[in-house]
Amino acid sequence: QVRLVESGGGLVQAGGSLRLSCVVSGRTLSSYHMGWFRQAPGKEREFVGTVSKSGGSTLYTDSVKGRFTIWRDNAKNTVYLQMNSLKPDDTAVYYCAADVGILLYTTPDRYDYWGQGTQVTVSL
């Protein structure tokens, strides 16, 4: 089966940075578009960004543009989310997800596999 494992979350002060990693097993990473989502307590899961199978295309939600960057290393079966200039509003559990489809999607229902999540907490 396909398995996704996130890591790299933690507690940081506003303005700080974190880098999240997601390691994919069970299938070649290049088979999937990879997305990052986040979910705060009591809120719906929110799209953060996605990177295409080859890494040639990316999409980001407006609130993270210019601060977050997604890239992938298919040889290592790993996708990354670099988060800079973190804000308290970025506090959430962050999930990576894999999509076997043809197009890039921004909604959770379009993704086929999910990791367990990693907590990111940004303090004032």
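In short, a report on the structure.

## A word on the overall build of the protein chain
Step number 1: Along its length, the protein chain carries zero helices and 11 strands.
Step number 2: In the protein chain, the order of α-helices and β-strands from amino to carboxyl end is β-β-β-β-β-β-β-β-β-β-β.
Step number 3: A buried classification covers 43% of the 124 residues belonging to the protein chain.
Step number 4: Of the contacts formed within the protein chain by residues at least 6 apart in sequence, a portion of 58% connects residues at least 24 apart.
Step number 5: Of note, the protein chain has its 13 positive side-chain charges centred 5 Å away from the centre of its 10 negative side-chain charges.

## Some remarks on the packing of aromatic side chains
Step number 1: By the definition in use, this model includes seven aromatic pairs.
Step number 2: Ring centres 5.0 Å apart and planes at 20° place the aromatic pair Trp71 and Tyr80 in the stacked group.
Step number 3: Classification of Tyr80 as buried rests on a relative accessible area of 15%.
Step number 4: Their ring planes at 80° and their centres at 6.5 Å tell us that Tyr95 and Trp114 sit as a pair that is edge-to-face.

## A closer look at the pattern of salt bridges
Step number 1: One pass over the full model with this rule turns up four salt bridges.
Step number 2: A salt bridge links Lys65 to Asp62; the shortest N-O distance between them is 3.0 Å.
Step number 3: Residue classification places Asp62 among the exposed residues on the basis of a relative accessible area of 63%.
Step number 4: What emerges from the salt-bridge pattern is a single network uniting Arg38, Glu46, Arg67 and Asp90.

## Things to note about unusual backbone geometry
Step number 1: For Asn77, which is not glycine, the phi dihedral falls at a positive 55°.
Step number 2: Note that Asn77 resides in the loop between strand 7 (68–73) and strand 8 (78–83).
Step number 3: One non-glycine residue, Ser85, lies in the positive phi region at around 50°.
Step number 4: According to the relative accessible area criterion, Ser85 is partly exposed, its value standing at 41%.

## Re the side chain of Arg38
Step number 1: If you trace the backbone, Arg38 turns up in strand 4 (residues 33–39).
Step number 2: What makes Arg38 buried here is its relative accessible area of 5%.
Step number 3: In this structure the side chain of Arg38 is engaged in a polar contact, spanning 2.9 Å, whose partner is the side chain of Tyr94.
Step number 4: Sequence-distant contacts of Arg38, that is, excluding residues within four places in its chain, are made with Glu44, Arg45, Glu46, Val48, Ser63, Val64, Phe68, Asp89, Asp90, Ala92, Val93 and Tyr94.

About the thresholds
Residues numbered from 1 in each chain as written. Predicted model: local features only at pLDDT ≥ 70, side-chain atom pairs only at ≥ 80, totals over all residues. Heavy atoms only, no water. Helix = DSSP H or I, 4+ residues; strand = E, 2+ residues; numbered from the N terminus. Buried < 20%, exposed > 50% of the residue type's maximum accessible area, 1.4 Å probe, protein only. Contact = heavy atoms within 4.5 Å. Lys, Arg positive; Asp, Glu negative; His and termini not counted. Charge placed at Lys NZ, Arg CZ, Asp CG, Glu CD. Phe/Tyr/Trp six-rings, centres within 6.5 Å; stacked < 30°, edge-to-face > 60°. Salt bridge = Lys/Arg side-chain N within 4 Å of Asp/Glu carboxyl O. Polar contact = N/O pair within 3.5 Å; in protein donor to acceptor, adjacent residues only side chain to side chain.

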